[in-house]
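Remarks on the overall topology
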Amino acid sequence: MKRIFVYVLAALAGAALFGLLVHAILVATQLSTPAAATVYGATPRRLWATGTIALAAAGAGLAALALRRSLKRVGPGRGKNGATVAAVLGLVAIASGGTNLAMANGGPGTGNGVVGAAMAVVLGLVALVLATLVLIRSRRIV
């Protein structure tokens, strides 16, 4: 029971940190003020941001799997291919989300996909950090 409580608490803390980082990116890009008139439905930029989130989530998932694999096995070179793919996906997500944020001319609700782009940047950074950890670990000789 204690273990489940710790997992739930860690998940809530992670979600709060994720939301805080997304908001920090929106504030840093000066896109945190909501729109006066909200646009509903899928717009091209929202779809772009959604695709970028999918890339970033795939990169973060691959990086997490590669990190798990590298921690289970002893020796160099464990999980290096997955980490390389995850790092590339993370970099693409950061670049695409950053481009979407740079092109946006309004905050949340304008149809520009700024929230999705900020989420993609955060997930891309997570993928890049985890992949870097795996690549550093794979170079170490045990």
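The structure reproduced in this document is the subject of the present report.

**Quick notes on the overall build of the chain**
When its secondary structure is counted, the chain shows four helices and zero strands. Mapped in sequence order, the helices and strands of the chain form the string α-α-α-α. With the C-alpha coordinates of the chain rotated into their principal frame, the extents come out at 60 × 40 × 25 Å. Burial status across the chain gives 31% buried among its 142 residues.

**Notes on the packing of helix 2 (residues 44–72) against helix 3 (residues 80–103)**
Two elements in contact, helix 2 and helix 3, have axes separated by 8 Å at closest approach and are oriented at 155°. With respect to helix 3, the axis of helix 2 lies roughly antiparallel. Pair helix 2 / helix 3 crosses with left-handed handedness. In this structure, helix 2 uses Arg 45, Trp 48, Ala 49, Thr 52, Leu 55, Ala 56, Ala 58, Gly 59, Leu 62, Ala 63 and Ala 66 to contact helix 3, whose residues at the interface are Gly 82, Ala 83, Val 85, Ala 86, Leu 89, Val 92, Ala 93, Ser 96, Gly 97, Thr 99, Asn 100 and Met 103. Each residue belonging to the contact of helix 2 with helix 3 can be placed in one class, and the counts come to 15 nonpolar, seven polar and one charged.

**Here's the deal with the nonpolar core**
Among the nonpolar cores identified, the biggest contains eleven residues, and these are Val 22, Ile 25, Leu 26, Leu 31, Leu 101, Ala 104, Val 114, Ala 117, Ala 118, Val 121 and Val 122. Put simply, the parts of the chain that give this core at least two residues each are helix 1 (2–28) and helix 4 (114–139). Looking at this core element by element, the count peaks at five residues for helix 4.

**Describing a nonpolar patch on the surface**
Together, Phe 5, Val 6, Tyr 7 and Leu 9 give the surface a local cluster of nonpolar side chains, amounting to about 460 Å² of exposed area. Positionally, Leu 9 belongs in helix 1.

**Examining the environment of Gly 124**
As for its position among the elements, Gly 124 is in helix 4. You can call Gly 124 buried: its relative accessible area is 0%. For the pair formed by Gly 124 and Val 88, sequence separation is 36 residues and the distance between their alpha carbons is 9.4 Å. Those residues in contact with Gly 124 that sit more than four places away from it in its chain are Ala 56, Gly 90, Ala 93 and Ile 94.

**A look at the packing of helix 1 against helix 4**
Relative to each other, helix 1 and helix 4 sit at 120°, their axes nearing to 9 Å. Of the two elements, helix 1 crosses helix 4, and the hand of that crossing is right-handed. Across the interface between the two elements, Phe 18, Leu 21, Val 22, Ile 25 and Leu 26 of helix 1 pack against Val 114, Val 115, Ala 118, Met 119, Val 121, Val 122 and Leu 123 of helix 4. For the contact of helix 1 with helix 4, the per-class residue count stands at twelve nonpolar, no polar and no charged.

**Points about the environment of Ala 86**
Within the secondary structure layout, Ala 86 lies in helix 3. You can call Ala 86 buried: its relative accessible area is 0%. Counting along the chain gives 37 residues from Ala 86 to Leu 123, while the straight-line C-alpha distance between them is 11 Å. In this structure Ala 86 touches Gly 59, Leu 62, Ala 63, Ala 127 and Ala 131, once residues within four positions along its chain are discounted.

Reading the values: rules and limits
- Think of each chain on its own: its residues are numbered from 1, step by step along the sequence as written.
- Only residues with pLDDT of at least 70 get local features here, since the model is predicted, and only at 80 or more are side-chain atom pairs given and counted; chain-wide, interface and lining totals rely on the full set of residues.
- Working from all heavy atoms in the structure, the side-chain values ignore hydrogens and water.
- By definition, any uninterrupted DSSP run of H or I lasting at least four residues is a helix, any uninterrupted run of E lasting at least two residues is a strand, and each is numbered from the N terminus.
- Relative accessibility decides the category of a residue: with a 1.4 Å probe and only protein chains considered, values under 20% of the type maximum give buried, values over 50% give exposed, and everything between is partly exposed.
- Axes here mean lines fitted to C-alpha atoms, for a helix over just the part in contact, with angles spanning 0 to 180 degrees between N-to-C directions.
- Any angle from 65 to 115 degrees is called roughly perpendicular, while one under 35 is roughly parallel, one over 145 is roughly antiparallel, and all others are oblique.
- The sense of a crossing depends on the near helix, which, turned anticlockwise from the far helix by less than a right angle, makes the crossing left-handed and, turned clockwise, makes it right-handed.
- Throughout, a contact is declared for two residues whenever any of their heavy atoms are within 4.5 Å.
- Gly counts as polar in this scheme, as do all residues outside two lists: the nonpolar Ala, Val, Leu, Ile, Met, Phe, Trp, Tyr, Cys and Pro, and the charged Asp, Glu, Lys and Arg.
- Residues grouped as a nonpolar core are buried Ala, Val, Leu, Ile, Met, Phe, Trp, Tyr and Cys residues, joined through side-chain atoms within 4.5 Å.
- Candidate patch residues must exceed 30% relative accessible area and have no salt bridge, after which like charges are joined if within 9 Å and Val, Leu, Ile, Met, Phe, Trp or Tyr side chains if within 5 Å.
- Throughout, the Shrake-Rupley method with a 1.4 Å probe supplies accessible areas, and for residues the shown protein chains are the sole cover considered.
- Salt bridge, as used here: a side-chain nitrogen of Lys or Arg that lies within 4 Å of a carboxyl oxygen of Asp or Glu.

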